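In case you want the letters, here they are:
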Amino acid sequence: MRPPTISNIATLSFLVALSFFPAISSADEASEQAMWKAISAGDAKTLRMVLPTADVNKANAAGETPLMVASAQGNFECARELLWAGADPTAKTSGDKVAHDFLRPAFKGFVPVDLLLRCYIMPRGQGTRQAKAGVRHRVLINDAYVDHTNPRLKPHYYVNAKEAEGKAEVDDDGNGFVDDIYGWNASDDTPLQIPEMITSSGESSRTWLERLVADYEQVVNEAPGFEAIRDRLSVRHENPLVKKIGIALAQEAGLAINDLNYAKMVCEASHGTHVAGIVLTASNGVAELHGLGWGQFNEITEDNLQGMDRIVALSQEIAPNAPTYRDFVLTLRNELLKDARKSGQRFSNYVKTSQAGVINMSWGKDLEVFRRLAGMLHDIYAKTGKDPASIANFSCPAGMDLCDNLALELVATDAASMALAIYQNPDVLFVMSAGNDSGNNDKLLPSPAYLSRFFPNVITVASIDRQSRLSRFSNFGARSVQIGAPGENILSDFLGGVKGHMSGTSMAAPQVSGAAAAIRSKHPELDASAVRRILLASAVAVPELRGLVATGATLDLPAALELADRWKNGGGALVNEFWDWPPGDDEAGEVLHQSPVDLIEMPPTIPANGPAITTSAGFGDKDPSWVLVMSEGSGLTDQQVKMNQVYPNDWINGNFHNHRRITSIAGDNSGWTVVMSHGDYEQRVVGFDYDQTTISKNMNEGFPITATAGWGDKWVFVMDQHCSYGAQRYTLPGAFDQGRQDWIAKLWDQDYRITSIAGDEGPGDKDSWVVVMSRNSGIGEQSYSGQPGAWPVDFIKGKFSEGFVVTGISGHAPGSWVVVMSKGPALIKQQISLIGAFPGKWIQEQWNVSTANGKLSLADTSSLGNNIFPTTKRK
């Protein structure tokens, strides 16, 4: 065993002090004074130190508990420390107010604290809490399947002997789950079974399967010669499924079960088995394994609801009878919450009956899914509701604090099921994969992975490569992802007793689960929260993970085992958390309640040829970089702007009903800005998945692309029926390189012009740009500033002097902007904002100033954006 690192030595020194820390059985007056002082100062670190000897539920002179005061301040870190120390979120003042009633929506920390309190309020009274897990080193694999017959896993797999030796369809052990011999499938409430795909046995069959898996890995990784392998497997039918049913019958049924498709099915069905194998290896062979199936939902479209059909069907049932949209939302939410509690309780009950001390979870759905769902629910009421006009006057019902953004409310409701299971099983360590979307979980709020921010018995794990760098596919989050672990090209077990490689955060999480099982096997006296702290405190800090995961560190099992030898329950008070972060702008919830200038309405007195927003670009990270162009003569009126926030789907739909249409859109997954102006024409929006089929269909029906924005693989296309554009060509997301510039030049020669451009730095530091070019655009001569670079002040000045105007901007500061300028559009004068924070006040000034006083003169180049703001590089 190697010696501990410096950070580990520092941690161990805290633990030595534990032996001499006096045990105090009652609250200490000095500790309570220190507690109130720490809360007042927002000092979570000091608060953590004094809470073991303070009464966390003792009210002050005003009758308010410490949790109420922390909630009123919007202090997430302090509120969480109090809840972890046993604060009662349902305690009431003499005026019958609870902590949740003290929340102030204007605070930056409103949404996280709101979600935190809900996580602890909702489960109370729903069921019993299990104080101690029965078999601390037993790991419940919460995945699609786990092959209990796998030769390597079988000796370590827990089998329910009473059910195995009992009668079929009888609950022999009386635990409420009939025939749960090898586990339970929570998705459909049935005994867990493995798929009968491997119908052959014997050494020759296993050798054939090993070769097939190896070939398929070559194809997936596009290794040299993979095309030949792919083509060979596509026409071969040697697999046991085809042999069992016959190729003729398979073809008659429309089943393309060639060996390539069979290999894909085997690999996908082996996911849970692969995870279980990693757990066993990472635990040094001491983990016991058991299975708990659960569904995975990642994508929601009109045609692919992926498990959300129940919600859609319920909304279709409620909408025609709901007097208003507000009633519809409230009724639907209450029904969904009932469902969440029911499924969460069932899930929790199986966690209890399994007696497992660790549960590994590799599934989830994030805010993007719920945005789509929110849009679908809105449309259902708009089409079938009793009073669709009431949508325009929607106000959030009491108790639904987040439905200013319905997607957030849906996230909270969905997470309720897992929050209940986590709350009821405090001695079970829930280990969750962060997700594979290259996204920031602090903003995406994936359920259930985001819950690791709320509970002391949950860890969310990111994937790292062999150089301890964040994997290009891995989600991250300085607040809601705690640690990194290897997740690339991991060799583990497959169905059929063979092995194969997989990559993903699903491969990283079981590394931590196995480590937790190893600790709990050696030290069964340590509770789940202690094991979590040990894993985090012993992790090895690496510069590449700083700011991407809470610890900035990666798993170190030897160091964790050494630290566990010296640990005592309750010792966490002396070890700093790694996530004592102040509320910031890099969380999804922080944009819910805007300041007064964040929703800007164009004064109705401005004439039709007055200044209006015609182009916008930028992104909203820690150092926001936005640029807007306002022009006279655009004909745009009655404008509203929603700026720098999560995609405002509900606001857009409400404006559609108020006869506004999207005329400019910009941003990325850090923050969107949408400008809507008066218009009665039909408009369609294709969002977030670069759906070329839908784009093509809309074009064929007379809806050309008029605006686009996005980043990486998250794109929005606005398509207008009234637009007179002719034929259009557009690019797939990619680098703005010489090849793309040659493509533009070639289309210029064919009378196409750039009518929309969007992009910036993409995932993995790769540029991601989309260019739309159209015929019959009304644009004559056109030029752009070249490859993405610094803000092109001289280019803009020169083209202004030649009679060009700005017709397109995209990119981000400081070094990745493209500006398109054109002759021909009937724009009279333009003004460009400085690069920086969103220019809300500047917009108001342009709308309120007289257009005759020269402020919008083209000769005035003082605001061409030569004040460049620094930016933070994003992963």
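Residues numbered from 1 in each chain as written. Predicted model: local features only at pLDDT ≥ 70, side-chain atom pairs only at ≥ 80, totals over all residues. Heavy atoms only, no water.

1. Overview of the sheet that holds strand β20 (residues 705-711)
Spatial ordering of the open sheet is given by β19-β21-β20, a layout of three strands whose pairing is antiparallel. Each edge of the open sheet carries a strand with a single partner, namely β19 (683-687) and β20. Recorded for the sheet is a direction-independent mean angle of 10 degrees between the axes of neighbouring strands. (Pairing = 2+ DSSP bridges. Helix = DSSP H or I, 4+ residues; strand = E, 2+ residues; numbered from the N terminus. Axes fitted to C-alpha atoms, helices over the stretch in contact; angles between N-to-C directions.)

2. Focus: the packing of aromatic side chains
Scanning all chains against the criterion turns up 17 aromatic pairs. Plain terms: the ring middles of Phe717 and Tyr730 are 6.4 Å apart, the flat faces sit at 55 degrees to each other, and that makes the pair tilted. With Phe717 in strand β21 (residues 714-720) and Tyr730 in strand β22 (residues 728-730), this residue pair connects regions lying 13 residues apart in the sequence. Three or more aromatic residues joined by ring pairs form one cluster here, namely Tyr325, Phe328, Tyr381 and Phe394. The ring of Tyr158 is capped by Arg138, whose NZ or CZ atom sits 3.7 Å from the centre of that ring. The positively charged end of Arg453 is found above the aromatic ring belonging to Phe76, 4.1 Å away from the centroid. (Phe/Tyr/Trp six-rings, centres within 6.5 Å; stacked < 30°, edge-to-face > 60°. Lys NZ or Arg CZ within 6 Å of the ring centre and 35° of its normal.)

3. Quick word on a nonpolar patch on the surface
A cluster of nonpolar residues, Ile245, Leu249 and Leu255, forms a patch on the protein surface that exposes about 260 Å² of accessible area. With respect to the helices and strands, the residue Leu249 is situated in helix α11 (residues 247-252). Under the relative-accessibility criterion, Leu249 is labelled partly exposed at 49%. (Patch = residues over 30% accessible without salt bridge, like charges linked within 9 Å, V, L, I, M, F, W, Y side chains within 5 Å. Areas by Shrake-Rupley, 256 points an atom, 1.4 Å probe, with all protein chains shown as cover. Salt bridge = Lys/Arg side-chain N within 4 Å of Asp/Glu carboxyl O. Buried < 20%, exposed > 50% of the residue type's maximum accessible area, 1.4 Å probe, protein only.)

4. A few points about the pattern of salt bridges
Inspection of the entire model under this criterion finds 30 salt bridges. The residue Asp96 makes a salt bridge to Lys92 at a minimum N-O spacing of 3.6 Å. For the pair Asp96 and Lys92, one class covers both residues: exposed. Its salt-bridge partner being Glu562, residue Arg566 comes within 3.9 Å of it at the nearest N-O pair.

5. Brief notes about the pairing of strand β7 (residues 458-464)
With seven of seven residues buried, β7 lies mostly within the body of the structure. Neither face of β7 is exposed, since Val458, Thr460, Ala462 and Ile464 on one face and Ile459, Val461 and Ser463 on the opposite face are all buried. The pairing of strand β6 (residues 429-433) with β7 spans four bridges and is classified as parallel. Bridge pairing in β7 links Phe430 to Val458. Sheet topology note: the β7/strand β8 (residues 483-486) ladder contains four bridges and is parallel. Bridging from a neighbouring strand, Val461 pairs with Ile483 of β8.

6. A short note on helix α24 (residues 738-748)
Counting along an α-helix, one turn takes 3.6 residues, and residues three or four places apart therefore face a common direction. Along α24, the residues that are buried comprise Arg740, Gln741, Ile744 and Leu747. The buried side chains of α24 occupy one side of the element, clustering within an arc of 125 degrees when seen end-on. With a side-chain oxygen lying 3.3 Å from the backbone nitrogen of Gly739, the N-terminal cap of α24 falls on Asp737. (Arc of directions from axis to C-beta. Polar contact = N/O pair within 3.5 Å; in protein donor to acceptor, adjacent residues only side chain to side chain.)

7. What to know about the environment of Val641
You can see Val641 is positioned in strand β16 (residues 640-645). Residue class for Val641 comes out buried when judged on its relative accessible area of 0%. Separated by 199 residues in sequence, Val641 and Gly840 have C-alpha atoms that sit 9.0 Å apart.

8. A look at the pairing of strand β4 (residues 288-293)
Extensive coverage of β4 is indicated by the burial of five of its six residues. Relative to β4, strand β1 (residues 135-142) runs parallel, the two sharing four bridges. Residue pairing for β4: Arg138 is matched across the bridge by Glu288. With three bridges joining them, strand β2 (residues 183-185) and β4 adopt parallel strand pairing. Bridge pairing links Gly183 to Gly291 in β4.

9. Some remarks on the side chain of Glu163
Mapped onto the fold, Glu163 is located in helix α7 (residues 161-164). The buried charged residue Glu163 lacks any salt bridge, with Lys162 as its nearest oppositely charged partner at 9.3 Å. A polar contact of 3.2 Å, which involves the side chain of Glu163, links it to the backbone nitrogen of Asp179. Sequence-distant contacts of Glu163, defined by excluding residues within four places in its chain, comprise Val170, Asp171, Asp172, Asp173, Phe177, Val178, Asp179, Asp180 and Ile181. (Lys, Arg positive; Asp, Glu negative; His and termini not counted. Contact = heavy atoms within 4.5 Å.)

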